[in-house]
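Structural description and commentary
This is what each chain is made of:
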Amino acid sequence: MREQRIIRNEALYRELNERVREIEDDMSMRGLVEAEPYSEYFCECGLDGCMEKIRLARDEYEQARSDAKRFVILPDHLIADVERVVLREDGRYAIVEKLEGERELALSDPRR
């Protein structure tokens, strides 16, 4: 039950971040806004009720999205029994990889 809630939370915020990125790209291509070097992304942690944001460069976000089992979180939002840190960047963010629920996560990946 707990793992399913964590998976749902993470998948929801990953989907939200993907939509925000698409909107930013569209607005930039139309010349409505200038492309910014950093964007605000929602923390993709599995903690209940987290609505915190992380400032990331596009390549930092893309690095996290390079694998369906990976999520970008605030460093202190690690849930150690279901994920491990694969990259920690200057205390701003961490990229974590799922230890369990990999099949469900891959199916929830909006890029697949």
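From a predicted model like this one, the values you see are computed outputs, not experimental measurements.

Focus on the nonpolar core
Formed by 16 residues in total, the largest nonpolar core has its most connected members in Cys43, Ile54, Leu56, Val72, Ile73 and Tyr93. Considering each element in turn, this core owes the most residues, 4 residues, to strand β5 (residues 93-98). Among all residues touching Cys43, those that are not within four sequence positions of it are Tyr13, Cys50, Glu52, Lys53, Ile54, Val72, Ile73, Leu74 and His77.

What about helix α1 (residues 2-29)?
Its 28 residues place the ends of α1 41 Å apart at the C-alpha level, agreeing with the 40 Å of an ideal helix rising 1.5 Å per residue. Among the residues making up α1, those that are buried are Ile6, Ile7, Asn9, Glu10, Ala11, Tyr13, Arg14, Asn17, Glu18 and Arg21. Gly31 sits one or two residues past α1 and shows a positive phi near 80°.

Here we look at the confidence of the model for the protein chain
In the predicted model, the protein chain carries a mean pLDDT of 85, and 88% of its residues have values of at least 70. Taken element by element, the predicted model of the protein chain shows its lowest mean pLDDT in helix α3 (residues 102-108) (52) and its highest in strand β2 (residues 53-57) (94).

Quick look at the sheet that holds β5
Taken together, 3 strands build an open sheet; the order of strands is β3-β5-β4 and the sheet is antiparallel. Of all strands in the sheet, those bounded by a partner on one side alone are β3 (70-73) and β4 (83-89). Geometrically, the sheet is characterised by an average inter-axis angle of 30° between neighbouring strands, direction not taken into account. Pairing between β4 and β5: 6 bridges, direction antiparallel. Bridge pairing in β5 links Glu83 to Lys98. Against the sheet, α1 touches β3, β4 and β5, its axis set at about 80° to β3.

Rules used throughout
- Residues numbered from 1 in each chain as written.
- Predicted model: local features only at pLDDT ≥ 70, side-chain atom pairs only at ≥ 80, totals over all residues.
- Heavy atoms only, no water.
- Core = buried A, V, L, I, M, F, W, Y, C linked by side-chain atoms within 4.5 Å.
- Buried < 20%, exposed > 50% of the residue type's maximum accessible area, 1.4 Å probe, protein only.
- Helix = DSSP H or I, 4+ residues; strand = E, 2+ residues; numbered from the N terminus.
- Contact = heavy atoms within 4.5 Å.
- Expected span 1.5 Å × (residues − 1).
- pLDDT = per-residue confidence, 0-100.
- Pairing = 2+ DSSP bridges.
- Axes fitted to C-alpha atoms, helices over the stretch in contact; angles between N-to-C directions.

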